[in-house]
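Observations on chain architecture
The chain contents come next:
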Amino acid sequence: MPRGRPSPKLAITVDPDVHEQVLAAAEAEGVSVSAWMTDAARRRLAIRNGLLAVAEWEAEHGAFTQAELEDARRRVAEQMSVAPPGPSA
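To start, this report covers the structure provided alongside it. Residue indices begin from 1 for each chain and proceed along its sequence in written order. Only residues with pLDDT of 70 or above have their local features reported here, since the model is predicted, and side-chain atom pairs are shown and tallied only from 80 upward, although totals for entire chains, interfaces and linings are computed over all residues. Heavy atoms throughout the structure, all of them, feed into the side-chain values; hydrogens and water do not.

Let's shift gears to the overall build of the chain. A run of DSSP states H or I qualifies as a helix once it reaches four residues; a run of E qualifies as a strand once it reaches two. Both are numbered from the N-terminal end. Within the chain one finds three helices and zero strands. Along the chain, helices (α) and strands (β) appear in the sequence α-α-α when read from the amino end. In the chain, which comprises 89 residues, the share counted as buried stands at 3%. Residue burial considers only the protein chains on display, and all accessible areas are found by Shrake-Rupley using a 1.4 Å probe. Roughly 8,300 Å² of accessible area belongs to the chain as shown, and the carbon and sulfur atoms make up 59% of that amount. Burial status follows relative accessibility: with a 1.4 Å probe on protein chains alone, a residue under 20% of its type maximum counts as buried, one over 50% as exposed, and anything between as partly exposed.

Take helix α1 (residues 16–29) next. A helix's residues, less one, multiplied by 1.5 Å, set its expected span. With 14 residues, α1 should cover 20 Å at 1.5 Å per step; its first-to-last C-alpha distance of 20 Å lies within 8% of that length. Taken as a whole, α1 has its buried residues at Val22, Ala25 and Ala26. Seen from one end, α1 has its buried residues packed into an arc of 95°, which puts them on one side. Relative to its buried face, α1 has exposed residues pointing more than 90 degrees away, namely Pro16, Gln21, Glu27 and Ala28. The directions considered for the arc are those from the helix axis to the C-beta atoms.

All right, on to a nonpolar patch on the surface then. Only residues whose relative accessible area exceeds 30% and that form no salt bridge enter a patch; like-charged residues are grouped when within 9 Å of one another, and nonpolar side chains (Val, Leu, Ile, Met, Phe, Trp, Tyr) when within 5 Å. Criterion for a salt bridge: a side-chain nitrogen of Lys or Arg within 4 Å of a carboxyl oxygen of Asp or Glu. A cluster of nonpolar side chains, namely Leu10, Ile12, Val14 and Val18, defines an oily patch on the protein surface of about 390 Å² accessible area. Following the sequence through the fold, Leu10 ends up in the segment before α1.

Stacked, edge-to-face and tilted are the three classes for Phe, Tyr and Trp ring pairs, Trp counted by its six-membered ring, which pair at centre distances within 6.5 Å; planes under 30 degrees apart are stacked, over 60 edge-to-face, the rest tilted. Evaluation of the coordinates by the stated rule reveals one aromatic pair. Seen in terms of ring centroids, Trp57 and Phe64 are 4.7 Å apart; in terms of plane orientation they differ by 5°. Their pairing is stacked. With relative accessibility at 37%, the residue Trp57 sits in the partly exposed group. When its relative accessible area of 29% is taken as the criterion, Phe64 is described as partly exposed.

Attention now moves to the pattern of salt bridges. A complete count under the given rule lists four salt bridges for this structure. For Arg74, the salt bridge goes to Asp71, with nearest N and O atoms at 2.4 Å. Taken as a pair, Arg74 and Asp71 lie in helix α3 (residues 66–82) at a separation of three residues, close to a single helical turn. Residue Arg74 is classed as partly exposed on the basis of its relative accessible area of 42%. We note a salt bridge from Asp71 to Arg75, for which the minimum N-O separation is 3.5 Å. Remark: Arg75 and Asp71 occur in helix α3; sequence separation between them is four residues, near one turn of the helix. Under the relative-accessibility criterion, Arg75 is labelled partly exposed at 45%. By sharing partners, the salt bridges in this structure join Asp71, Arg74, Arg75 and Glu78 into a single network.

Note that all results are geometric; they support no functional claim without further evidence.
Written as structure tokens, this is what we have:
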């Protein structure tokens, strides 16, 4: 019986061009393919959860106006341009 909390395994099939790009990206970032795929899945889930939260908010309060969307885009762009770099090798 394994000790601790072993990570579950997934068997996936990807297009050949995606496969090559994933292998190259993981190698370039110095991580395993499993770590790279886990990070990609986490990012996709964060986007999905954010979109669901926005849809929920809009259902309760109404759609964002064009001005609100433009302001949000500007603020995000400003934060992205001054944000410290993330962890790297």
